[in-house]
Each structure stands twice: as C-alpha cells, then as structure tokens.
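Fold and contact review
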Amino acid sequence: MLTRIGVCLLLAVTSGASLFSADFFMKVTDKNYLDTQGFSVFLYDSTYHPVFVDQKNTAMEMILHGQRIATNGDVRLMPTPEQWDLVATLKGRHADKANNRLTADLAFPTFDLSYTLEVAAEPGGVRVSINLDKPLPQKLAGRAGFNLEFLPSIYMGKAYLVDGTKAGIFPRTPDDPMVKVMPLPDEPKKAYYLEDWDKAKGYTQPLPFAEGKSITLGVDDALARVNVKSDTGDLMLFDGRDRAQNGWFVLRSLIPTGKTTGAIVWHIRPDVIPNWTRPPMIAHSQVGYAPGFSKVAVLELDPKYNGPKTAKVLRLMEDGSYKQVFEGPITPSTPWLRYVYSKFDFTPVRDPGLYVIEYADQRTAPFPIARDAYANIWQDSLDHHLAEQMDHVSVREGYRMWHGASHLDDGRMAPVVGEQFDGWYQDKATDGKYKGGDHIPGMNVGGWYDAGDFDLEEPAQLNVIQSLALAYREFNLKYDELSVDEAAREVEMHRPDGVPDAVEQVRHGALLILAQFHNIGHAIRGTHEPDLRQYTQVGDGASKTDGRIYDPKLGLNEVKGDYSGKPDDRWIFTTNNPYFQWNAIAALAAAADVLKGWDDALAKDCLDTAIKAWNDEQAHPTPWPAGSGFGGAAPAGGPGGGVLAASQGVVSGAQGNLHGRGSSAAPASSGTTSAQATPPAGFARGGFGVGQDWAAALELTIATHGAEPYKSRLKELFPQMITPQQMDMRGWTAVRALPYLDASAKDQMRDAVKTYMAGLDKQLDATPFGVPPSLGTWGGSGAVVDMAIRMYFLHKTFPDLVGPEYTLRAVNYILGTHPVSSTSYVAGVGTVSKTKTYSNNRADNSYIPGAVIPGYIVIKPDFPECIDDFGLLWFEDEAVVAGSANWVVAGNAADAITREPKQGQ
C-alpha cells in the first residue's frame, strides 16, 4: 500500500507533461551565460567577496522560473562550508558560444590542485563536470567534492526522491547527526580569530540526510522541480543549517582518486515549463498615494510576455466588491537587465478610498488614496527598530522583552594591533593612559547596535544622531510613544513619558559620543565583539556577555563582585581619523541644539565638548592612520563591516547607500601604524575630503546662533559645497547654511541647483524607476532614501526649480515601486512588506518593525533579486540604524510635501 507521501509524489511525477523533457537546448548568450526560456545558468559572473568571502552569490548558479534556486557550485573541502572557509582561486573563465559551454579555471594552490569546472548544454539541461589537471592528492581523498547549494526557503517542506523510489521531505528544522572533521595538515593557516572560531565550534560537520545516484528536488513543486544524476560518485544531500542558520541545502559528490577527466560528472535536468513566461509584476506604493500628486505604477514584464496595452484601477467597495474607476494605457516597454518595463499613470484617480491595480491576470493588494497616505510610514523606524537597537538598556514591548540591558561590561581597548574580522582595525597599542586590553571605564552607555549584529559602528552612531536631530528640528517632531529611563537602563514601547522620542534617541547617542571624549579624548572607530563566536550569536544582546568587567587575575569562571575572569567584554577600537573627529563634533553640536529645554545640563556638555574638540582639531589636526584605509572603517562593505554610514545621507548628503554598505572593499591593511596627513585616495576621489569640517561648522553655527568662528568657516566653505560634484553628495546641506550667509549666497546656490537639475533627469533615467540604480554588492535603497531627503530640501528652498515628485518618487520606490516584487522595503509598513529580515532576530525568521532593508541587488550579469520569503542574505535584507534614522527624515519629508498649501487638494 502506498503511503500518503508516496501517493502525492506519484501524482506529482506523473501529472506534469513537461517533466524533465529533452525538448530544449540551452545556448550561451551575448552576456556569456547559458539560457533557455525559463532556465539560466551562470558561472563565476561574480567572485567570492574579498572580506566576507561566501555571500551565496557566486560560482555556478541556476535560475529556474524566475527564482535563483542554487548557487556556489564548485569544489569545496567541506560538505557544508561556512562563510570564511577556504574557497578555490579563480584563474579564468570562458564562454564558448560555438559549443554552448561555460568553463572556469580554478585551483587550490596550497594543495597543488588545479582543475576546470565545465558547464555544457545538453538536451534538457546541462552537463556539469570537474576535470583535474592531475589526479587528486591523497590528502584530499574524502574531502574534496563538488558542492551545489539550494535555497532553503524554496525547498523546505517540499518533497525529494532518491533513485526514483526513496521519498523524503526537506526538513524545516535541521537535526542531522554531527561528526568531527579536523583541519587538513597542510591547510593554509587562518587568521587567529578564524582558528579560534573553528575550535569553539568543535570542527563539526553534518552527515547527509539523503544519498543516491539520482536525486529529484522539489518533486511536488512545478516551479522548482529539478533532477540531478551523477555518472561518478554518489550524490549526497546535506543541510547547511546544521552549522549556521544561514546555511543552504548542499548537494555534493566526492572527487575520486586516480581520475582526472570527468572526475565529477552530473547531469542536471530542470523541469522547465514549456513556453514559460514570468507573470507581470505591478510595482506600486504599498501605503498608497496622496490625491493631488503623481501616481505611477511600473510593470515589470518578461520580454516574451504578450499582454494587454492597458491597465485598470478598481475601487474596493464597502461590501467587498470591486468597481472599475479608471483604465489607461501603459507606456511602450523599455528593456533593463533581463526584463522590460512599462509605466501606468493613474494620476487622475483622486477620490479618497481603497483601490487596486489590475493588469492582465494580476491584481495588487489594496492601497489607499488619502491626504495622509504618508503620515504613518516612519514611526516604526523610530519607535521599534531604533528602539530595539538601543544598547546598554533593556527594551520591552508589552509582554515581550526585546532584550535585556546589554554589554554593561564595555569595554576593553582592543588588545591586538592590526586587522580584525569584519574589516575592523586597531592602529596602535596604546592610547593616552590606556594600553591594549585595559578596561576603559564609562563606555557602557548609549549607542545603537549597528545592524543585524551588535557592534557600535562610529559612523552609524554619528549618522543617527544628526539625522534624528535634523528630523526633530525640521518637522517639529514631538512624537512620543517611548519611555526611556537612562538611569534605570530601561526602555518601554507604547509608554509615552512626555519627552519626544527623537529627543530621547538623540540623547542616547550623545551619551556614547560624550563617553568617548570624556574617557578617551576623541572619537573612535567603535566597539566590536572580541571573537567570532560572540559576533555570530543572535537573539538577546544581553546574553552575549556576562555583564561583568574582565579581570585577568580571576579564573575563567570565577566571579568577584562586578568582575569576572571571562574575557567576553567587547573591544573598543580607539583608532581615529579626521572624518570621525569632525563628524563627532557635528553630532554633539546637533545634539546640543536638540536637547536644549529637555536636558540643559547634557546640552551644555555636548556643546562645550564640541567647541573644545573644534579648537583642539584646529590647533592639532587628527592625522589619517597610514595603511588603515579609513582608520579601520572601509569605505563600504558587508555585514557589520567597516563602513562610512555617516559619510552618506543626512550627515553629508553623499549619494550612495545610506546604510554605509554596498561595494566591494578589501580589508583594511594591517601594515604600518604611523600617521599620515592626507586622506586615503578613495576618500579624496569620492569628494569626502573636501571641507571635512563642513558639517561641524554648520551644526556649531546653528547651535550657537551664528557665532564665530563657525559662521566664517561656513562662508569660506560654501563655494566648495555647491560645486556640481558636491551637489549630488553633500551640497544640499548648504540650504541649511543660507540663513547665516549673505543674501548673495542664495543666488549662488540657485545657479548651482539649476546646473544640477539640468543633468539629473538623464542620470535618473538609467533605470525605469527614476532613482539611483542598485549596482553594488549591497542593495541600494539607502541611495534612494538619500535622494528623497536631498530633493526635499532643494524643493523647499527652490520650489520653482525642484518639484515635489522627486522626493515622492524615491519614497514610493522604498514602499514598493521597485524591481523584482512590490514588497515594501520597510518591514511592517504597507499592505505587503518585508517580514523576514537580516536583523538580530533572524534566527526566528522574523523581523523588527521599521527596519529598512537594502533591497534588490543584481546577481551578475543581469538578474535582479530580492527574495521576499528569505531573510538571511545580508546584502538584500540587513537593515542598519543609519537607514532607519534617515527614513524618519524621508518619511516626514513625503508627508510634509503632500500637506503643502496649494498642492494636492
């Protein structure tokens, strides 16, 4: 008798006419990948990241029916390798159009292993082979194998068949037996922190949960069904989540000894639906639109899709019925990447109510048209995401404790000079009266966890302070839903305490920056976990350390009052540079202006400290640490990596990712630690070296009501800030200086804005969405939020030159009018929003409300991706506090624009 699973699998296997048909043949495209309608294979169009290594987006990758189902296809030395494990060196790659074949030349030089990975078209799929230059070294027998990783969110709970008869279900929870696999004797020596991490994990690997010569994955899923057969060794299915929550399912075959050509041969047969086309995607704002403003949806279409030339707007009536209220043409399609795009303008629909857009057989979720459409899009970012990220306090919401009071043992001066993991860098062994390893008192106050990790990134702290200070002053932000008691180290949501939440958040950040100046004497690189075991831990931040100050005189598990022998205290990286120092001055001055009348003593401390630091910096400029890039903060990077979040967005208005991440960056050099007077070349080329003290001069001028010497410095720097290069970066902030400058300054800036606007539309037309494209290794939503802010201030000052549509277009993009899907990038905001994010609760497949994710990236060469139901790709899903703070500004800007007199209704 067949089991229920067996019956279901039998039906699945026999019901699809297209099952593993051999009636298609792939071809190498002009973009050098294998393609047929509904299925594509890439080979090393991207490489492993120089800092973060495995990001699940390189080597052999497969896209089936519009989903990237597999990645990282290559030889690996472990069944389920983790992020920093050894990868092959790519020597070259080739696309052979004549034979429809892709090849990559690769090697593990340490083990004298060189080979070619070949992916060749064959009827119904591809033949994948590993061809060695010479037989496998004996030491790699049983260790070297070909791995191909499959996306868990697609296959969890789906069926698989082994050798056509052995049925199983991909597990939702990993529970495989683990075995110890020790490092190979000749394995390249790793950095000490990686060695420590391996030891802490116990060198374990899971055993396979399925094994055979033929495995069909997703038997019961017509969109993800794929069969793999091996002509050589057995296929083994492993669950990478046994080692880490961000692991994928791994299909693997071991390379046999004594064989070279065809050491591994797989035949991969996807069940491609004949003539499949991707369904239309209707990108629109998930929070709706204001009545009198532009309303444009963007249709993302398969190039082979033949659909109607019009779209409709239907009103959702009170009885649940739909009534058509508008039908209009869509624009001719425009190609971009692998899809084509048309626009649907339904601006004439103005009556308040609930609506949907309908195109072909697709209908959107309901959205409102209302004058206050943007009134509630930013509060979650302020009162949930930023509140949950508050360090050194407990955070409670109703019955839920988000986390306890964390890191009360902060911190020790970083005891190791040079490069650490995640791009962090300490440039000196001593700093003032402290030496490496010393406890620095007074540092367990204020600040926010940077992102999905728990470090205190200095640029992020400075950005949040300045962004929220700007929002409070610009929009009179008196919103109050938090109770914050710094003395008791307690924060509670949904409990107003009479103090505006923006003020309390600014105070929380100011406490951390003041602690740096009072206890160390200057701004710093930040505070970071001491080892990878602590760094990778997610959940309650209070559980990461014991909260007691480390005393090396005590035994490991010995406790004596507030001290313990456990060296789990975070490391304080005291490296400084002019960028940190000047922006810390700006942040303290902005905080002083906000705190007046709420906490006058702290406001005075902020202003006095900022003025003293200004004077000190003028007399004794902070040098750039030689060989350390940005003083340990790389210009960009990956999860928790060295970033210049504060160099972008509100702090300086630089176009780019507000999240401070987004392009490849090598780790900071661990070479010389002597100082240099000039900024790194990349910093200067980016325009950040111009007027480094601009933000400090601006905020001190405002805080002191136009006092000298800050006002004179503003006047001196003003011409540099309104150059064409700066207008697309920090130049917009010059509008805030106008009240303190001569009347002619506004005329000068008007001319600069005219020049800027003359070329802006052409620049924004590079994508169908009219916003900066996301072309780096990190999603680009931050650059779009930055555009929203920049254009709001330019519109407010020069409404005849800059229309409101730029800010609203950027905000609507974040809220759903973007590629891939129409899911709002602000978690929990909008009818359909991202609800799985790379936050510190990601192990629960959950999210923090108000977190703003990076959004789509381009899987090279042409596949835009942002996976809705998977939150463990940091480059798509990791929200950072700088992004949330900037979204508070952008959200208020959109609301203010739609409430302007003589606009809208």
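Residues numbered from 1 in each chain as written. Predicted model: local features only at pLDDT ≥ 70, side-chain atom pairs only at ≥ 80, totals over all residues. Heavy atoms only, no water.

All right, on to the overall build of the protein chain then. The number of helices and strands found in the protein chain is 18 helices and 48 strands. What you see for the protein chain is a C-alpha radius of gyration of 28 Å, in line with the 29 Å of a compact globule of 905 residues. Dimensions of the protein chain, computed from the C-alpha atoms along their principal axes, are close to 85 × 75 × 55 Å. For the protein chain, the share of sequence-separated contacts (at least 6 apart) that also reach a separation of at least 24 residues comes to 70%. When the accessible surface of the protein chain is totalled, it reaches about 31700 Å², and 52% of it is carbon and sulfur. Across the protein chain, the 84 positively charged side chains and the 108 negatively charged ones have centroids separated by 3 Å. (Helix = DSSP H or I, 4+ residues; strand = E, 2+ residues; numbered from the N terminus. Rg over C-alpha atoms; globule rule 2.2 N^0.38 Å. Contact = heavy atoms within 4.5 Å. Areas by Shrake-Rupley, 256 points an atom, 1.4 Å probe, with all protein chains shown as cover. Lys, Arg positive; Asp, Glu negative; His and termini not counted. Charge placed at Lys NZ, Arg CZ, Asp CG, Glu CD.)

Right, let's talk about empty space enclosed by the protein for a bit. For the structure on display, the rule yields five cavities of 30 Å³ or more. If you add up the space inside the largest cavity, you get close to 190 Å³. Lining the largest cavity are 17 residues, with Met78, Asp85, Glu187, Lys190 and Asp198 positioned closest to its centre. Within the residue set of the lining of the largest cavity, elements represented by two or more residues are α3 (192-201) and β14 (204-206). (1 Å grid on protein atoms, 1.4 Å probe; cavity = no way out; pocket = protein on both sides within 12 Å on 5 of 7 lines; lining within 4 Å. Points joined across faces, edges and corners; volume = space filled by probe spheres on them.)

Our focus in this paragraph is the confidence of the model for the protein chain. For the protein chain, the average pLDDT comes to 91, and 90% of its residues sit at 70 or higher. Throughout residues 1-18 the model reports pLDDT below 50, and contacts reaching past four residues in sequence, or to other chains, amount to 19 contacts. Confidence drops under pLDDT 50 across residues 629-677; counting only partners more than four residues distant or on other chains, this segment forms 227 contacts. (pLDDT = per-residue confidence, 0-100.)

Further remarks concern the packing of helix α16 (residues 805-814) against helix α18 (residues 881-898). With their axes 10 Å apart at the nearest point, α16 and α18 run at an angle of 125° to one another. With respect to each other, α16 and α18 are oriented oblique. Like other packed secondary-structure pairs, α16 and α18 cross with a definite hand, here left-handed. From α16, Thr807, Leu808, Val811 and Ile814 reach across to α18, where they touch Trp887, Ala890, Ala893, Ala894, Ile897 and Thr898. Across the contact of α16 with α18, the residue classes tally to eight nonpolar, two polar and no charged. (Axes fitted to C-alpha atoms, helices over the stretch in contact; angles between N-to-C directions. Parallel < 35°, antiparallel > 145°, perpendicular 65-115°, else oblique. Left-handed = near helix turned anticlockwise from the far one by under 90°. Nonpolar A, V, L, I, M, F, W, Y, C, P; charged D, E, K, R; others polar.)

Okay, the environment of Arg400 next. Mapped onto the elements, Arg400 comes out in strand β31 (residues 400-403). Assessed through its relative accessible area of 40%, Arg400 is described here as partly exposed. Each C-alpha atom, one on Arg400 and one on Pro280, is 40 Å from the other, the two residues being 120 residues apart in sequence. Discounting chain neighbours no more than four positions away, the residues touching Arg400 are Val395 and Asn841. (Buried < 20%, exposed > 50% of the residue type's maximum accessible area, 1.4 Å probe, protein only.)

Under the counting rule described, the total for this entry stands at 52 salt bridges. Asp54 is the partner of Lys56 in a salt bridge, and the nearest nitrogen-oxygen pair spans 3.4 Å. The partner of Asp198 in a salt bridge is Lys190, and the shortest N-O contact between them spans 2.7 Å. We note that Asp198, like Lys190, is buried. One network of salt bridges, with partners in common, ties together Glu82, Asp85, Glu187, Lys190, Asp198, Lys201 and Arg243. (Salt bridge = Lys/Arg side-chain N within 4 Å of Asp/Glu carboxyl O.)

It is worth spelling out the packing of aromatic side chains at this point. The full count for this structure, using the stated rule, is 36 aromatic pairs. Their ring planes at 80° and their centres at 6.3 Å tell us that Phe769 and Tyr813 sit as a pair that is edge-to-face. Taken as a pair, Phe769 in the loop between α14 (744-764) and α15 (781-797) and Tyr813 in helix α16 lie far apart in primary sequence, 44 residues in all. Of the aromatic side chains, those joined through ring pairs into one cluster are Phe150, Tyr155, Tyr160, Phe170, Phe209 and Phe249. The cationic tip of Arg363 hangs over the ring face of Tyr322; the distance from NZ or CZ to the ring centre is 4.2 Å. The side chain of Arg842 reaches across the aromatic face of Tyr838, ending 4.0 Å from its centre. (Phe/Tyr/Trp six-rings, centres within 6.5 Å; stacked < 30°, edge-to-face > 60°. Lys NZ or Arg CZ within 6 Å of the ring centre and 35° of its normal.)

Read across the open sheet, the four strands follow the order β21-β22-β26-β25; overall the sheet is antiparallel. Edge positions in the open sheet fall to β21 (281-283) and β25 (334-336), since each of these has one partner strand only. Taken over all neighbouring pairs, the strand axes of this sheet differ in orientation by 35° on average, direction set aside. In this structure, β21 lies alongside strand β22 (residues 296-301), joined through three bridges in antiparallel fashion. What sits directly across from Ala283, in β22, is Val298. (Pairing = 2+ DSSP bridges.)

Over the atoms rolls a probe the size of a water molecule, and its path tells where empty space is left. By volume, the largest pocket is sized at about 1000 Å³. Around the largest pocket, the lining is made up of 44 residues, and of these Trp197, Leu532, Arg533, Thr536 and Gln537 lie nearest the centre. Looking at the lining of the largest pocket, the elements with two or more residues in it are α3 and α7 (532-536). Its residues placed into classes, the lining of the largest pocket shows 19 nonpolar, eleven polar and 14 charged. There is about 790 Å³ of room inside the second largest pocket. Taken together, 33 residues form the lining of the second largest pocket, with Arg278, Met281, Val820, Ser821 and Asp868 sitting closest to its centre. For the lining of the second largest pocket, the secondary-structure elements that each account for two or more residues are β5 (67-76), α2 (152-155), β21, β28 (362-363) and β48 (863-865). Looking at the lining of the second largest pocket element by element, the count peaks at three residues for β48. Residues belonging to the lining of the second largest pocket are distributed by class as follows: 16 nonpolar, eleven polar and six charged.

Okay, the sheet that holds β31 next. Pairing in this open sheet of four strands is mixed, and the strands run β31-β30-β39-β38 from one edge to the other. What marks the edges here is a single partner per strand, and that holds for β31 and β38 (482-485). With strand direction ignored, the average angle separating the axes of adjacent strands in the sheet is 20°. Judged from the three bridges that link them, strand β30 (residues 394-397) and β31 form a sheet pairing that is antiparallel. Among the inter-strand pairings, Val395 is bridged to a residue of β31, identified as His403. Against the sheet, helix α4 (residues 379-388) contacts β30, β31, β38 and β39 (490-493), and its axis sits at roughly 145° relative to β39.

Let us now look at the pairing of strand β12 (residues 166-169). Relative to β12, strand β11 (residues 159-162) runs antiparallel, the two being bridged by four bridges. Its bridge partner lying in β12, Ala159 is registered against Ile169. Connecting β11 to the antiparallel partner β12 that follows it, the hairpin turn spans three residues, and Asp163 within it adopts a positive phi of roughly 55°.

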